[in-house]
Amino acid sequence: MPRARRTRCSRSQTNCRRSSNSAPGCATVGCCPVSTPDLVIVGSGFFGLTIAERCATELDLKVLVLERRYHLGGNAYSEFEPETGIEVHKYGTHLFHTSNERVWEYVNRFTDFTNYQHRVFGKYQGQVYSLPMNLALINTFFGKSHTPDEARALIAEQASEIDTADAKNLEEKAISLIGRPLYEAFIKGYTAKQWQTDPKELAAEIITRLPVRYNFDNRYFNDKYEGLPVDGYTAWLERMADHPNIEVRVDTDFFDVKDEFKGKVPIVYTGPVDEYFDNCEGRLSWRTVDLKTEILDVDDYQGTGVVNANDPEVPFTRELEFKHLHPERNDSYTKGKTVVVREYSRFAEEDDEPYYPINTAEDREKLLKYRDLAKKEPMVLFGGRLGTYKYLDMHMAIGAALSMYDNKIKPHFAEGAPFASGGVDEG
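All values derive from a computational prediction rather than experimental measurement.

1. Notes on the UniProt feature "domain: UDP-galactopyranose mutase C-terminal" (unreviewed entry) in the chain
Within the UniProt annotation, "domain: UDP-galactopyranose mutase C-terminal" (unreviewed entry) is assigned to residues 185-391. Across residues 185-391, the secondary structure splits into 23% helix and 21% strand, with the terminal C-alpha atoms separated by 26 Å.

What follows is the structure in structure tokens.
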């Protein structure tokens, strides 16, 4: 059942996000502009909104959230495609899962979750296999039924070709973990597309393990809790920001207004850390994803939400069919229509949306320098995926934000502790 919404005032403001299901004359976010804020948050993803909500609700602070996109929510933002009625995750599929009890309790304040459990399949040479690599995949791929012990012995024999300690690159490391046949079918082509680099040229430390399940379990995540927000991600995110003390200004670039706040108001910055410092130590490298959406005149395109494209000659990395994420909504979808999104991975250019940190040795060297600069930046804390140069799942971003609130923000506002700058290593 949807969470109850707080009543907001009727005053509107330019560049404030209005909820699609708000009552007439009532804006869900940014309705009542705050007076001089107690705290400014740059970025309205899960990290920033968690900080904003805690400070507004628990400390009664006036919080201003600045968001350069036209919407709140960062990469978790979703919208309903009007022709089909299907909720599409604008920046790629987002699946919520966690084993963190505190995070699970916190997120359930804003949304109920479905019982969705994520399962992924991979297509290779005309056949579809169950992922992650498990007994079903092994039996299908090798064309023979194996007991768990037989499958374990088979993979161990194939992996013995290369000793893991001797692996000099990603390809050798992968072969040492799962053997050449499985590597060439399910890792080699996919990895080359993800990185636009031959796996022989990638560092061995990029992968630490390649798990193989010697049973038929094909649940993708192992966490205790898993599901999707019943009303969608945007409804969840808007409820986090739905507080009289929180103003969200969208279409607002922090760097256009920074002189109003820097050195005057405590700031939590969740944008790219290198951009904050004008790339003075060099740009950090990221992977990005191009998403190409197509509306097809079929009820069901692939029978599941995500299918990886493991063949190297297929240019995209995976296909997403969003209607399968919410089968409980089937009656509301337009019949004979579906939405398919294909992902194409590449290196991020200057104006691209960064997704995954590449984290080379050179990047780590730059990051150490940015951490030193961050510690010297007055009244600024750095957090989130971009601010820490770490890939954070949603539950990790929320957990890191709660920790920053507990350890740095609340002590300052509630107890008068100094507002210690830094935080690039948070998360």
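2. Overview of the packing of helix 1 (residues 46-59) against helix 8 (residues 233-241)
Two elements in contact, helix 1 and helix 8, have axes whose closest approach is 8 Å; the angle formed by their N-to-C orientations is 35°. On the side of helix 1, the interface is formed by Phe46, Leu49, Thr50 and Glu53, while helix 8 contributes Tyr233, Trp236, Leu237, Met240 and Ala241. Within the contact of helix 1 with helix 8, the residues separate by chemical class into seven nonpolar, one polar and one charged.

3. Observations concerning the packing of helix 4 (residues 148-159) against helix 5 (residues 170-178)
The interhelical angle for the contact between helix 4 and helix 5, taken along N-to-C directions, is 145°, at an axis separation of 6 Å. Counted together, Ile155, Gln158 and Ala159 of helix 4 and Ile175, Ser176, Leu177 and Ile178 of helix 5 form the full contact between these two elements. Partitioned by chemical class, the residues of the contact of helix 4 with helix 5 number five nonpolar, two polar and no charged.

4. What to know about the domain arrangement of the chain
Here the chain is described as being made up of domain 1 (39-117 + 223-423) and domain 2 (133-206). Of note, the centres of domain 1 and domain 2, computed from C-alpha atoms alone, are 32 Å apart. Tallying the contact residues gives 15 residues for domain 1 and nine residues for domain 2. With both chains or domains summed, domain 1 and domain 2 bury close to 1,000 Å², and 49% of this area falls on carbon and sulfur atoms. Our count for the domain 1 to domain 2 interface comes out at zero salt bridges. Across the contact surface, domain 1 and domain 2 share eight residue pairs in polar contact (both at pLDDT 80 or more). When residues of the side of domain 1 that touches domain 2 are assigned to their parent elements, the largest contribution, three residues, is made by strand 14 (residues 338-347). Classifying every residue of the side of domain 1 that touches domain 2 gives seven nonpolar, four polar and four charged.

5. Section: the pattern of salt bridges
Where charged atoms of side chains with opposite charge meet at close range, the side chains can pair. Overall, the coordinates contain 26 salt bridges when judged by the stated rule. Note that Asp297 is salt-bridged to Lys337, the shortest N-O span being 2.6 Å. Of this pair, Asp297 sits in the loop between strand 11 (286-296) and strand 12 (306-309) while Lys337 sits in the loop between strand 13 (318-321) and strand 14; the two residues are 40 residues apart in sequence, bridging distant segments of the chain. Residue classification places Asp297 among the exposed positions, given a relative accessible area of 59%. The network of salt bridges with shared partners includes Glu53, Arg54, Glu58 and Lys410.

6. Describing the sheet that holds strand 15 (residues 356-357)
Strand order in this open sheet of seven strands is 7-6-12-13-14-11-15, and the pairing throughout is mixed. Each having just a single partner strand, strand 7 (127-131) and strand 15 make up the two edges of the open sheet. Pairing of strand 11 with strand 14 involves 10 bridges; the strand directions are antiparallel. Paired with Val289 across the strands is Ser345, a residue of strand 14. Against the sheet, helix 3 (residues 135-142) contacts strand 6 (120-124) and strand 7, and its axis sits at roughly 155° relative to strand 7.

7. Brief notes about the pairing of strand 14
Regular strands place their side chains on alternate faces of the sheet. Counting buried positions over the 10 residues of strand 14 gives seven, a clear majority of the element. When strand 13 meets strand 14, the two strands line up antiparallel, connected through four bridges. Paired with Leu320 across the bridge in strand 14 is Val341.

8. A closer look at helix 3
Of all the residues in helix 3, the buried ones are Leu135, Leu137, Ile138 and Asn139. Where helix 3 is buried, its residues touch strand 7, helix 4 and helix 6 (180-186). The opening residue of helix 3 is Asn134, an N-cap whose side-chain oxygen sits 3.1 Å from the backbone nitrogen of Ala136. Positive phi shows up at Gly143, right after helix 3, with a value of about 65°.

9. Observations regarding the side chain of Arg329
Summarising the element assignment, Arg329 is placed in the loop between strand 13 and strand 14. Exposure remark for Arg329: the relative accessible area of 12% places this residue in the buried category. One polar contact links the side chain of Arg329 to the main-chain carbonyl oxygen of Val230, over a distance of 2.9 Å. Leave out the neighbours within four places in its chain, and Arg329 touches Phe80, Glu87, Pro229, Val230, Asp231 and Gly232.

10. A few points about the sheet that holds strand 10 (residues 267-269)
Pairing is parallel in the open sheet, where five strands are placed in the order 9-2-1-10-16. With one partner strand each, in any of the chains shown, strand 9 (246-249) and strand 16 (380-382) form the two edges of the open sheet. Strand-to-strand, the axes of this sheet are offset by a mean angle of 20°, without reference to chain direction. Summarising the sheet, strand 1 (residues 39-42) and strand 2 (residues 63-66) pair through four bridges and their orientation is parallel. If you follow Val40 over to strand 2, its bridge partner there is Leu64.

11. Regarding the environment of Ala192
With respect to the helices and strands, the residue Ala192 is situated in helix 7 (residues 188-195). Along the sequence, Ala192 and Ser345 sit 153 residues apart, while their C-alpha atoms lie 9.8 Å from each other. If we ignore the near neighbours within four places in the chain, the residues touching Ala192 are Thr197 and Pro199.

Definitions and limits used
Residues numbered from 1 in each chain as written. Predicted model: local features only at pLDDT ≥ 70, side-chain atom pairs only at ≥ 80, totals over all residues. Heavy atoms only, no water. UniProt positions renumbered as here; feature names shortened; annotations may be inferred. Helix = DSSP H or I, 4+ residues; strand = E, 2+ residues; numbered from the N terminus. Axes fitted to C-alpha atoms, helices over the stretch in contact; angles between N-to-C directions. Contact = heavy atoms within 4.5 Å. Nonpolar A, V, L, I, M, F, W, Y, C, P; charged D, E, K, R; others polar. Domains from an automatic or database assignment. Buried area = accessible area lost by both parts, 1.4 Å probe. Salt bridge = Lys/Arg side-chain N within 4 Å of Asp/Glu carboxyl O. Polar contact = N/O pair within 3.5 Å; in protein donor to acceptor, adjacent residues only side chain to side chain. Buried < 20%, exposed > 50% of the residue type's maximum accessible area, 1.4 Å probe, protein only. Pairing = 2+ DSSP bridges.

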